[in-house]
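Take a look at the letters that make up each chain.
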There are 2 protein chains.
Amino acid sequence: MTKSTEPELWITEEHQGTVRLSFKVAQSLFSQKSSYQQVDVVETRGHGNMLLNDGVVMLCERDEFVYHEMIAHVPLFVHPSPRRVLIIGGGDGGTAREVLRHQGIEQVVMVEIDAMVVDACRRHLPSVSRALDDPRLELRIEDGVRYAAETDRRFDLVIVDSTDPVGPAAPLFNRDFYRNVARILEDDGILITQAESAHYDRELQKPMFGDQRGIFPRLHLYLYSNLTYPGGLWCFGFASKKYCPVKDFDPGRVDEAGIKTRYYNPGVHYGAFMLPNFVAEELAGVLDPIPGLSAK
Amino acid sequence: MTKSTEPELWITEEHQGTVRLSFKVAQSLFSQKSSYQQVDVVETRGHGNMLLNDGVVMLCERDEFVYHEMIAHVPLFVHPSPRRVLIIGGGDGGTAREVLRHQGIEQVVMVEIDAMVVDACRRHLPSVSRALDDPRLELRIEDGVRYAAETDRRFDLVIVDSTDPVGPAAPLFNRDFYRNVARILEDDGILITQAESAHYDRELQKPMFGDQRGIFPRLHLYLYSNLTYPGGLWCFGFASKKYCPVKDFDPGRVDEAGIKTRYYNPGVHYGAFMLPNFVAEELAGVLDPIPGLSAK
C-alpha cells in the first residue's frame, strides 16, 4: 500500500537487457563519484539501506547476512585451522565481520581499491562495516591485483569479494591473478571467488573457472540465494590446493564454534555444493566432481 | 544492448509495494479475462514465453523446469510406490508433465478451476502443456476445494499447484481444505503445497502450516530457486502421514528411474530440506525437525 503523499522513488538495475529489479527508495543517503565508480547508498522501503556501485546493487541490510555468511563460513569451516585471511575487495566490511567472528583468526588483510566505498559504508551501513575497526584487521586502500602479485605474506584463505567483472574488478577474473593468489596461499589454502549468476552468467563462469584449472587441484562451485541480485540464485567459486568442501567438512566444528548465524548451518553448507543438473552439466568440464550425501 | 529500432516493452510485477521485477517483452500472445482472473501470455526477450495471472508471473519457458521438477519429483521419489496423483490447479500442465514421467503412475486427476489458463497454455506454452493429452490424465475444469470435499477417490499424492492465496486460490490455504485433503490421501500419502517466498511471506506461512499441524504427523518445508518470482528463494510445503522426506528418501531410486532432469537430483533433494536458520527458526513452532546430512 503506497501512501498518496509519498513520492514514488524507485531504484532500478537492468541486467543483460532482459530483466530489471527495482526497489522502493525513501531517500538517497550518499551519492558520489570516486576515481573508480559511482557510489550510492539509498534508504529503501522494506530492504534497509542499500549500497550500489555504478548503479548495480551490491547489498542491502535486509539480506546481506546471506552473502557474507556464505562467502566466509564455508571455507573457514572446511580449513581445519585458518589463521590468516586476505580479502580482496569487500569494502563494505561485511565479509571481514564474518571472518573475524572465528576465534582462531589472527589477522585479516583487506585490500580495497576504493576508499569511497569504505567511507560510504562506515557512515550509512554501520551494521555491515562495524568490524573494520577490529584490531586484527589491516585495511589497505590499494589495488588487490598488485598486492597479490607483490606481497611476501602467506594466507590460509583468500576471498575475492568483488563486483562484477567489468570496471575496477575486471582484472580479478583472469589467470595471472589466480596464479598470484596460488603463490600467496599456503599449501592447504583455499580461494573463494564471487562467481556471478547461476542462470545468467554461464558464459562468464566457463572461462573464469577455466583460468583457475591447472592452478588449483580442486575446483568447485557453491550456491546461495541473494534477494537483490537478478535471478536470485548466485554462486561462489571454491578453489583449493588440498581440501574437499564436502568430504573434509566436519559439521561438529560449526556447533563447537558457537557462532550465531542467520543463513549458514551444516545442512546449508552441504546443500550449497549440490548443484542442479543444468549448472553441473554445463560446467562439467571445468569443475571437479563432488561426493554425494546421505541422511545421518 | 537494446536496438534503438525496437520498442521498449516491459512487463512489471510489484511485490508488497517494495520490490518490482520486470521482463522485457517482444509481444503479447494472449490477453483475456476469465470468470476468475486476467490471463496473459507474453513472448519475452530472454525468458521465453511467460504466463501471468492477474499480472503476477506464473512461469516462463526459461526456468519452468525448476518449479515443476521440484514440486513433482521430490514427493514421487519419497513415496515408495506412487500410483494415483491429484493435482489441484496447475492449469499450465507442467506439474502433470513431470508426474507422468514416472513409469508407475497409473492415473493423474488434475482439477483446474479456470479453463482459460489451460487453453492459453495449450496454444502458447506447448512445451509445458504437452502432457495434458496423456491418456493417464483426467482433466477436470472445476473447483478443487469442492472436489477435495466431495470425491470418493483416494490418492497417494496431492499436489496443490496454486497461485498466491488471493483471488481464486485463497480457499486452498485453510484448515478445512487441508482436512479434506487428508481424508482423500491414502494412509501413507503426501501433500505438497505451493508455499510462497522464503523472504517475504513468513507471516503467510505461519498460519498456513499452523492450519496443517495436527492434521499431518510430519510437516516440512523445502526450497527451490525461481528466476521470475520476487526474491528468488521460494518454498514448497511437504506434509505427510508417514514419510520423512530425508530419512525415507532412497537416492538409488532416482538413478533407477532414468528420468532426465535439469534441476532435480538426489543432492538437490537433500539440500532443499536444509533450511537456512532465518527460515527454520521462524517456523520452528510449526514445522517438524529434519535429520542432518553427511558426506557419502
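The rules behind these values
- Residues numbered from 1 in each chain as written.
- Chains lettered and ligands numbered in written order.
- Predicted model: local features only at pLDDT ≥ 70, side-chain atom pairs only at ≥ 80, totals over all residues.
- Helix = DSSP H or I, 4+ residues; strand = E, 2+ residues; numbered from the N terminus.
- Rg over C-alpha atoms; globule rule 2.2 N^0.38 Å.
- Buried ≥ 20, exposed ≤ 12 C-beta atoms within 10 Å, placed from the backbone.
- Contact = placed C-beta atoms within 7 Å.
- Least-squares fit on C-alpha atoms with pLDDT ≥ 70 in both.
- Pairing = 2+ DSSP bridges.
- Axes fitted to C-alpha atoms, helices over the stretch in contact; angles between N-to-C directions.
- Core = buried A, V, L, I, M, F, W, Y, C linked by C-beta atoms within 7 Å.
- Expected span 1.5 Å × (residues − 1).
- Domains from an automatic or database assignment.
- Nonpolar A, V, L, I, M, F, W, Y, C, P; charged D, E, K, R; others polar.

## Side note on the overall build of chain A
- Along the backbone of chain A there are 10 helices and 13 strands.
- Relative to the compact-globule value of 19 Å for 296 residues, chain A shows a C-alpha radius of gyration of 19 Å, a close match.
- In terms of overall dimensions, chain A has a C-alpha envelope of 60 × 40 × 40 Å along the principal axes.
- Burial status across chain A gives 54% buried among its 296 residues.
- Sequence-distant contacts in chain A: of pairs separated by 6 or more residues, those separated by 24 or more amount to 68%.

## Concerning the relation of the copies chain A and chain B
- Once chain A has been moved 0.0 Å along the axis and rotated by 180°, it coincides with chain B to within an RMSD of 0.0 Å. Both chain copies can therefore be described as sitting about a two-fold axis.
- A shared interface surface links the copies, since 100% of the contact residues of chain A are contact residues in chain B too.

## Looking at the sheet that holds strand 8 (residues 137-141) of chain B
All names here are of chain B.
- The sheet built from seven strands is open, its strands ordered 8-7-6-9-10-12-11 with mixed pairing. Two strands lie at the open edges of the sheet, namely strand 8 and strand 11 (218-225), each paired on one side alone. Pairs of neighbouring strands in the sheet enclose a mean axial angle of 15°, with direction left out of account.
- Pairing of strand 6 (residues 84-89) with strand 9 (residues 155-161) involves five bridges; the strand directions are parallel. Opposite Leu-86, over in strand 9, you have Val-158 as the bridge partner.
- The strands that helix 7 (residues 202-212) touches are strand 10 (185-197), strand 11 and strand 12 (233-240); relative to strand 10, the one it contacts most, it runs at about 170°.

## Structural notes on the environment of Arg83(A)
Residues and elements named next belong to chain A.
- For Arg-83, the location among the structural elements is in the loop between helix 1 (64-78) and strand 6 (84-89).
- In the structure, Arg-83 is positioned 22 residues away from Ile-105 in sequence and 4.3 Å away in space, judged by C-alpha atoms.
- Ignoring anything within four residues of it in the chain, the contact list for Arg-83 reads Gly-104, Ile-105, Glu-106 and Asp-156.

## Observations concerning the interface of chain A and chain B
- Contacts between the two partners involve 44 residues from chain A and, on the opposite side, 44 residues from chain B.
- Mapped onto the side of chain A that touches chain B, the elements with two or more residues apiece are strand 2 (19-33), helix 9 (266-272), helix 10 (277-282) and strand 13 (293-295) of chain A.
- Per element, the largest residue contribution to the side of chain A that touches chain B is six residues, and it comes from strand 2 of chain A.
- Pairing of strand 2 of chain A with strand 2 (residues 19-33) of chain B involves five bridges; the strand directions are antiparallel. When the sheet's bridge partners are listed, Phe23(A) is paired in strand 2 of chain B with Val19(B).

## Topic: helix 3 (residues 115-124) of chain A
- Of the positions making up helix 3 of chain A, those classed as buried are Met116(A), Val117(A), Val118(A), Ala120(A) and Cys121(A).
- Structurally, helix 3 of chain A contributes buried residues whose contacts are with strand 2, strand 3 (38-44), strand 4 (49-53), strand 7 (107-112) and helix 4 (126-129) of chain A.

## Digging into the pairing of strand 11 (residues 218-225) of chain A
All names here are of chain A.
- Most of strand 11 is tucked away, with seven of its eight residues classed as buried.
- Two elements, strand 11 and strand 12 (residues 233-240), share eight bridges in a ladder whose sense is antiparallel. The residue of strand 12 that forms the bridge with Ser-225 is Leu-233.

## A short note on unusual backbone geometry
Residues and elements named next belong to chain B.
- A positive phi angle is found at Gln-16, which is not glycine, with a value near 55°.
- Examined against the element boundaries, Gln-16 turns out to sit in the loop between strand 1 (9-15) and strand 2.
- Positive phi is not limited to glycine here, since Asp-54 has a value of about 50°.
- With respect to the helices, strands and loops of the structure, Asp-54 is situated in the loop between strand 4 (49-53) and strand 5 (56-60).

## As for the nonpolar core
- The biggest cluster of nonpolar side chains holds 189 residues, and the ones touching the most others in it are Met70(A), Val108(A), Val158(A), Met70(B), Val108(B) and Val158(B).
- Filtering out sequence-adjacent residues up to four positions away, Val108(B) remains in contact with Val85(B), Ile87(B), Ala96(B), Val99(B), Leu100(B), Arg136(B) and Leu137(B).

## Some words on helix 1 (residues 64-78) of chain B
- Between the first and last C-alpha of helix 1 of chain B there are 22 Å, a value that for 15 residues agrees with the 21 Å anticipated at 1.5 Å per step.
- The buried fraction of helix 1 of chain B amounts to 15 of the 15 residues, a majority that puts the element mostly inside the structure.

## Notes on the environment of Val279(A)
- Tracing the sequence through the fold places Val279(A) in helix 10.
- On the basis of neighbour count, Val279(A) is assigned to the buried category, with 21 C-beta atoms found within 10 Å.

## Points about the domain arrangement of chain A
Residues and elements named next belong to chain A.
- According to the domain assignment, chain A contains domain 1 (9-60) and domain 2 (64-282).
- Elements with a minimum of two residues in the side of domain 1 that touches domain 2: strand 2, strand 3, strand 4 and strand 5 (56-60).
- Residue composition of the side of domain 1 that touches domain 2, by class: 13 nonpolar, eight polar and one charged.

## Some thoughts on the sheet that holds strand 8 (residues 137-141) of chain A
Residues and elements named next belong to chain A.
- Reading across the sheet, the seven strands line up as 8-7-6-9-10-12-11 and stay open at both edges, with mixed pairing between neighbours. Each edge of the open sheet carries a strand with a single partner, namely strand 8 and strand 11. Neighbouring strand axes in the sheet, compared pairwise and without regard to direction, differ in orientation by 15° on average.
- Packed onto the sheet, helix 1 meets strand 9 (155-161), strand 10 (185-197), strand 11 and strand 12 and runs at close to 145° relative to strand 11.
- Helix-sheet contacts for helix 7 (residues 202-212) involve strand 10, strand 11 and strand 12, and the interaxial angle to strand 10 is about 170°.

## Remarks on the environment of Lys260(A)
Residue and element names in this part refer to chain A.
- On the secondary structure map, Lys-260 appears in the loop between helix 8 (251-257) and helix 9.
- For Lys-260, a count of 7 C-beta atoms within 10 Å gives the class exposed.
- Residues Lys-260 and Arg-101, spaced 159 residues apart in sequence, show a C-alpha to C-alpha distance of 9.4 Å.

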